[in-house]
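Tertiary structure, described
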Amino acid sequence: MGFQCGIVGLPNVGKSTLFNALTATQAAQAANYPFCTIEPNVGRVAVPDPRLDILARIGKSAQIVPTQLEFVDIAGLVRGASKGEGLGNQFLAHIREVDAVLYVLRCFESTDITHVEGSVDPLRDAETVETELMLADMEGLERRVINAGKKAKGGDADAKAQLPVLERTLAALQAGKPARSVSLTQDEKLIFKQLQLLTGKPVLYICNVSEEDAATGNAMSERVAARAAAEGAGSVVISAAIEAEIAQLPPAEQAEFLETLGLEQPGLNRVIRAGYALLDLITYFTIGPKEARAWTVRRGAKGPEAAGVIHGDFERGFIRAETIDYDSFVTHNGEQGARDAGKLRSEGKDYVVQDGDILHFRFNV
């Protein structure tokens, strides 16, 4: 698994159209009325990486297995969702475990597609969505603070450690700030992550523009980009309508279609790249005759943690990682050539895995 993204947004902003296109399915019903998506939809897509094809060819691998990105699409949110309005609030629990939240914002005018607020304003829509997520977080935290306070008074060590984090986060939410705005120590970050707060996750703003603005964006998407930059969030300009067309084309025709629109790559690729940058993720590879496979791990991960992405036993019994960097593997035509050229290294538990590494783990359990 690469990483998981929860898709949120108001009704009729192109959320389900985008989900259908990105996952190349019609799992989410897209229609011009609110709440057409009435159950959470999950779709997985392969993460495109040209390096994997090259490595598979050199390694004469029988199968190519890319890493994957998972999208979780929920019903459109509206004002009052946290209080039971609409249907989106029923499904917020489905995105509590995702790595990042994608806010799909409508950045195009159309007389054919109604807007639940009566006008198009992506920054207002972003505020509406974030407010509902904050209210949902606040409701859960208020109960947790009370429970942790009681346990802390009774001498519970875990509760004593959790309580300051809970109280500061609740105070931020009550002040109208998302949970991710709270400053935390390294130890507190572990406690915070376990809270699975909706507004505690990194945000990627998806600006859904018209076809004619897909290559350059527009004034509305520029305003969203400015907000994202101020928050340390990410933003991507994408046309859900174009992505829907691309999804219906054979791979051979997709590049030509994109070229006619002045686009170098599908929006999915830009979403993935922005998501990886937002979460600070990298890819490493395992190459053999049976398969060439890509794996995703956080930047800064050491050998045992990277091994654990494959299997827990690899991490627990980690001995060393036989490592070749991507350029050396390609330049010397595979593992044996890299070994002969002295480019294969034996790295221990403190080795920090680099993007593009080809790894073979030695372990004993």
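Residues numbered from 1 in each chain as written. Predicted model: local features only at pLDDT ≥ 70, side-chain atom pairs only at ≥ 80, totals over all residues. Heavy atoms only, no water.

1. What to know about the confidence of the model for the protein
Threshold: Confidence scores here are pLDDT values: one per residue, from the predictor, ranging 0 to 100. Contact criterion: two residues are considered in contact whenever any of their non-hydrogen atoms come within 4.5 Å of each other.
In this model, the protein carries an average pLDDT of 87, and 90% of its residues clear a pLDDT of 70 or more. With pLDDT under 50 throughout, residues 25-38 is counted as low confidence; its partners more than four residues away or in other chains account for 38 contacts.

2. So, the pattern of salt bridges
Charged atoms that come close allow side chains of opposite charge to pair. We count it as follows: Salt bridge, as applied in this entry: a Lys or Arg side-chain nitrogen positioned within 4 Å of an Asp or Glu carboxyl oxygen. In DSSP terms, a helix is any run of H or I states spanning at least four residues, a strand is any run of E spanning at least two, and both are numbered starting from the N terminus. Throughout, exposure labels follow a simple rule: accessible area from a 1.4 Å probe, protein chains only, divided by the maximum for the residue type, with under 20% read as buried, over 50% as exposed, and the rest as partly exposed.
If you walk through the whole model with that rule in mind, you get 22 salt bridges. Between Asp-355 and Arg-51 there is a salt bridge; the shortest N-O distance is 3.1 Å. Taken as a pair, Asp-355 in the loop between strand 11 (345-347) and strand 12 (358-363) and Arg-51 in helix 2 (residues 50-59) lie far apart in primary sequence, 304 residues in all. Among the salt bridges present, the one from Glu-322 reaches Arg-320, with a minimum N-O distance of 3.9 Å. Judged by relative accessible area, Glu-322 falls into the buried class, the value being 11%. Salt bridges here are not isolated pairs; linked through shared partners, they connect Glu-127, Glu-130, Arg-180, Arg-227 and Glu-231.

3. Here we look at the packing of helix 3 (residues 122-153) against helix 6 (residues 219-231)
Basically, it comes down to this: Axis definition: a line fit to C-alpha positions, over the contact stretch in the case of helices; interaxial angles, taken between N-to-C directions, run 0 to 180 degrees. Orientation labels follow simple angle bins: below 35 degrees gives roughly parallel, above 145 gives roughly antiparallel, 65 to 115 gives roughly perpendicular, and whatever is left gives oblique. Gly is put with the polar residues, along with every residue not named as nonpolar or charged; the nonpolar set is Ala, Val, Leu, Ile, Met, Phe, Trp, Tyr, Cys and Pro, and the charged set is Asp, Glu, Lys and Arg.
Packing of helix 3 against helix 6 leaves a shortest axis separation of 9 Å and a crossing angle of 45°. Between helix 3 and helix 6, the angle falls in the class oblique. Each of Pro-122, Leu-123, Ala-126, Glu-127 and Glu-130 in helix 3 lies in contact with helix 6, whose residues at this interface are Met-220, Arg-223, Val-224 and Arg-227. A class-by-class count of the residues in the contact of helix 3 with helix 6 yields 5 nonpolar, no polar and 4 charged.

4. Concerning the packing of aromatic side chains
The following threshold applies: Aromatic rings from Phe, Tyr and Trp, with only the six-membered ring used for Trp, were paired whenever their centres fell within 6.5 Å, and each pair was classed as stacked if the ring planes differed by under 30 degrees, edge-to-face if by over 60, and tilted otherwise.
The final tally for this structure, using the stated rule, is 4 aromatic pairs. Each residue in the set Tyr-284, Phe-318 and Phe-361 is aromatic and connected to the rest through ring pairs, giving one cluster.

5. Re the environment of Ile-246
In this fold, Ile-246 is placed in helix 7 (residues 240-248). Sequence spacing of Ile-246 and Tyr-276 is 30 residues, and the spatial spacing of their C-alpha atoms is 23 Å. Apart from residues lying up to four places away in sequence, Ile-246 is in contact with Gln-254, Phe-257, Leu-258 and Pro-266.

6. A word on the sheet that holds strand 7 (residues 234-238)
Put simply, the rule reads: Pairing between strands requires that DSSP locate at least two bridges from one strand to the other.
The strand order across the open sheet formed by 6 strands is 2-4-1-5-6-7, and the pairing between neighbours is mixed. Lying at the two open borders of the sheet, with one neighbouring strand each, are strand 2 (41-46) and strand 7. Here the strands of the sheet are splayed against their neighbours by 25° on average, with no regard to which way each runs. Across 6 bridges, the pairing between strand 5 (residues 100-106) and strand 6 (residues 203-208) is parallel. Paired with Arg-106 across the strands is Asn-208, a residue of strand 6.

7. Describing helix 2
What counts is decided by this rule: Think of it as the arc spanned by the lines of direction from the helix axis to the C-beta atoms.
All of the buried residues along helix 2 are Arg-51, Leu-52, Leu-55, Ala-56 and Ile-58. Looking down the long axis of helix 2, one finds its buried residues gathered within 165° of arc, a one-sided arrangement. In helix 2, the exposed positions angled more than 90 degrees off the buried face are occupied by Pro-50 and Arg-57. Summarising the contacts, the buried residues of helix 2 are in contact with strand 3 (63-65), strand 8 (281-287), strand 9 (291-298), helix 12 (326-331) and strand 12. Directly beyond the C-terminal end of helix 2, a positive phi value near 50° is found at Lys-60.

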